[in-house]
Amino acid sequence: MTPKGLYIHVPFCVRKCPYCDFYSVTDMSLTERYTEAVKRNILSKNICADTVYFGGGTPSLLSAKQIYAILSSAEITDNAEVTMECNPNTVTAEYLDNILKAGVNRLSFGIQSLDDGELKLLGRIHNAETAVNAVNLAYEAGFRNISADLMLATAGQTAASLKNSIERLAALPITHVSAYLLKIEPETPYGRSDSIASMLPDEDKTADMYLMTVEMLEKYGFKQYEISNFAQPGFESKHNLKYWRCEEYYGIGPSAHSYINGVRKACPKSVSDFIASEIQQEYVTEECGGDEEERTMLSLRLTNEGLNLGLLAEEHCNEIVKRSKPLIAAGYIVQRGERLTLTPKGCLVSNEIICQLTL
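Every chain's residues receive numbers from 1 upward, in the order its sequence appears when written. The predicted origin of the model limits local features to residues at a pLDDT of at least 70 and limits the giving and counting of side-chain atom pairs to 80 or more, whereas totals for whole chains, interfaces and linings rest on all residues. Neither water nor hydrogens contribute to the side-chain values; these are computed over all heavy atoms in the structure.

Caption draft 1: Local environment of helix α1 (residues 31-45). Runs of E in the DSSP output that reach at least two residues are strands. Runs of H or I that reach at least four are helices, and both are numbered from the N terminus. An expected span of 1.5 Å times one less than the residue number is assigned to each helix. Relative to the 21 Å expected for 15 residues at 1.5 Å per residue, α1 spans 21 Å between its end C-alpha atoms, a close match to the ideal helical length. Looking only at α1, the buried set comprises T31, Y34, T35, A37, V38, N41 and I42. All buried residues of α1 project into a common sector of 160° when viewed along the axis, lining one side. We call two residues in contact whenever any of their non-hydrogen atoms come within 4.5 Å of each other. As for α1, its buried residues are in contact with β1 (4-10), α2 (64-72), β9 (249-252) and α10 (271-276). Throughout, exposure labels follow a simple rule: accessible area from a 1.4 Å probe, protein chains only, divided by the maximum for the residue type, with under 20% read as buried, over 50% as exposed, and the rest as partly exposed. The directions from the helix axis to the C-beta atoms are what the arc is built from.

Caption draft 2: Layout of the pattern of salt bridges. A side-chain nitrogen of Lys or Arg and a carboxyl oxygen of Asp or Glu constitute a salt bridge if their distance falls within 4 Å. One pass over the full model with this rule turns up 13 salt bridges. Among the ionic pairs, R301 bridges to E226, the shortest N-O distance being 2.6 Å. In this pair, R301 is assigned in the loop between α11 (292-299) and β13 (307-308) and E226 in strand β7 (residues 223-226), connecting sequence segments 75 residues apart. Under the relative-accessibility criterion, E226 is labelled buried at 0%. What you see here is one network of salt bridges that share partners, running through D50, K242 and E247.

Caption draft 3: Broad picture of the packing of α2 against helix α3 (residues 93-102). Structural elements are reduced to axes, namely lines fitted to C-alpha atoms, with helices fitted over the stretch in contact, and the angle between N-to-C directions of any two is expressed from 0 to 180 degrees. Relative to each other, α2 and α3 sit at 10°, their axes nearing to 9 Å. With respect to their mutual orientation, α2 and α3 come out roughly parallel. For the pair formed by α2 and α3, the contact residues are A64, I67, Y68 and L71 on the first element and Y95, N98, I99 and A102 on the second. Residues are grouped as follows: Ala, Val, Leu, Ile, Met, Phe, Trp, Tyr, Cys and Pro are nonpolar; Asp, Glu, Lys and Arg are charged; all remaining types, including Gly, are polar. Its residues assigned to classes, the contact of α2 with α3 comprises seven nonpolar, one polar and no charged. Angles below 35 degrees are treated as roughly parallel, those above 145 as roughly antiparallel, those between 65 and 115 as roughly perpendicular, and all remaining angles as oblique.

Caption draft 4: Quick look at the environment of V321. The topology assignment puts V321 in helix α12 (residues 314-329). Classification of V321 by relative accessible area gives partly exposed; the value is 24%. Each C-alpha atom, one on V321 and one on L340, is 9.0 Å from the other, the two residues being 19 residues apart in sequence.

Caption draft 5: Representation of unusual backbone geometry in the model. For the bond from G56 to G57, the omega torsion is 10°, close enough to zero to count as cis. Along the chain, G57 falls in the loop between β2 (48-56) and α2. Of note, S255 is a non-glycine position whose phi angle comes to about 80°, a positive value. Its location among the elements puts S255 in the loop between β9 and β10 (257-260). Given a relative accessible area of 13%, S255 falls into the buried group. If you check the backbone angles, N261 has positive phi at about 55° while not being a glycine. Position of N261 relative to the elements: it lies in the loop between β10 and β11 (263-266). N261 sits in the exposed class, given a relative accessible area of 66%.

Caption draft 6: Representation of the nonpolar core in the model. Counting residues in hydrophobic clusters, the biggest one holds 83 residues, and the most contacted among them are L6, I8, Y34, F54, L107 and F109. Once you skip the residues sitting within four places of it in the chain, L107 turns out to touch M84, C86, L96, I99, A138, F143, N145, I146 and S147. Within this scheme, the nonpolar core is defined by two criteria: the residues are buried Ala, Val, Leu, Ile, Met, Phe, Trp, Tyr or Cys, and they are joined through side-chain atoms within 4.5 Å. C17, M151, L182 and I196 belong to the second largest nonpolar core, which has eight residues in total.

Caption draft 7: Expanded view of the packing of aromatic side chains. Only rings of Phe, Tyr and Trp enter the pairing, Trp through its six-membered ring, and a pair is recorded when the two centres are within 6.5 Å. The plane angle decides the type: under 30 degrees is stacked, over 60 is edge-to-face, the rest tilted. Under the definition given, this model contains seven aromatic pairs. Between Y7 and Y53 the ring centres are 6.2 Å apart and the planes differ by 25°, which places this aromatic pair in the stacked class. With Y7 in strand β1 and Y53 in strand β2, this residue pair connects regions lying 46 residues apart in the sequence. Each member of the pair, Y7 as well as Y53, carries the same accessibility label: buried.

Caption draft 8: Region of the structure containing the packing of helix α6 (residues 159-170) against helix α8 (residues 203-219). For the pair α6 and α8, the least separation of the axes is 11 Å and the interaxial angle reads 25°. Judged by the angle between their axes, α6 and α8 are roughly parallel. In the packing of α6 onto α8, the handedness of the crossing is right-handed. Note on element contacts: α8 touches α6 through M209, M212, T213, M216 and L217, opposite A159, L162, K163, I166 and E167. Per-class residue counts for the contact of α6 with α8 are seven nonpolar, one polar and two charged. Crossings are sorted by hand: turned counterclockwise from the far helix by less than a right angle, the near helix makes the crossing left-handed, and turned clockwise it makes it right-handed.

Caption draft 9: How the structure looks around the side chain of T358. Inspection of the secondary structure assignment puts T358 in helix α14 (residues 350-358). Think of a polar contact as two N or O atoms within 3.5 Å of one another; within protein, one of them needs to be a possible hydrogen donor and the other a possible acceptor, and neighboring residues in sequence only count if both atoms come from side chains. Within the structure, the side chain of T358 is placed 2.6 Å from the backbone oxygen of I354, a separation counted as a polar contact. Sequence-distant contacts of T358, that is, excluding residues within four places in its chain, are made with E293, T296, M297 and R323.

Caption draft 10: Summary view of the side chain of S161. Looking at the element boundaries, S161 is found in helix α6. Overall, the relative accessible area of 12% leaves S161 in the buried class. A polar contact of 2.5 Å, which involves the side chain of S161, links it to the side chain of E118. Only 2.9 Å separates the side chain of S161 from the backbone nitrogen of T158, close enough to count as a polar contact.

Caption draft 11: Inspection of α14 at higher detail. Regarding α14, the residues found buried are S350, I353, I354, L357 and T358. Around the axis of α14, the buried residues are gathered within 115° of arc, so they sit on the same side. Residues of α14 that are buried make contact with α11, α12, β14 (333-336), β15 (339-342) and α13 (344-347).

See below:
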């Protein structure tokens, strides 16, 4: 059986962050029945996985026993990457020791900032000290593959405060940073708040913050390998690389997505329906996923690998080469042999560039 990726959506949060539009609920009484539902869905698909990713929500609200039960339901290959997202405020030394024993070997901490004022405006339940302590506790527990989320261009953020957050993060025993530009979703409290909008950096400052982040992380040994992701050598996220390389993965849990046999599916956003169903209900979002155009779009997100022109049909390749010339001249992309890759400047307008190359 060929191993695939396994994504498990854990839809529980202590409270909802005002900028977040991912599906989650705050009813923690459902976690045990949710765990049982995840187990029976994994067993029904006879899943063999070489990467596992617990996303959320806040997966660290599940007990180590529940995490172990879920992992025991799948056939996990030797040396598989098993990632769990964690809120810094939800972990203890004992918990970290127990989830390591349960099979988790990579942590992704939702730190977002190491400035207490910015964290408060983001509605986070942790402060900077808690975040630093959580990472150090994880390292002391034995984790050697630790990622940190960093959010850029947030309310009240300045170049100086971002620089300070990056410097403090780089001093921690982490191997990976996911640095995301804040995106305001209309159906969130942030999206409905005029006061928050007035506190956000303008486009020029946002661009400067992103480029500064790329430069600083590179200086500290975190090489950019995707538009928003940076890693020390050998610590790129194996699971997330499956998404960008159009490799297959199962999605289990409410709002989870799957890509199997060229078909993309999604599970409805209802934890109660997920628990009640013998097998999770899914609907098709794309019947012919992974075609050449989609692979082109996704590969361009990878700033190391980029788009391999040699794998394209001749007509498609010739058209992309033609369209790429003015973008290369403008400094948005570079060509190395048969590969086209975005520059940091190009990453800032990646959607526009990808559209120009693929339309």
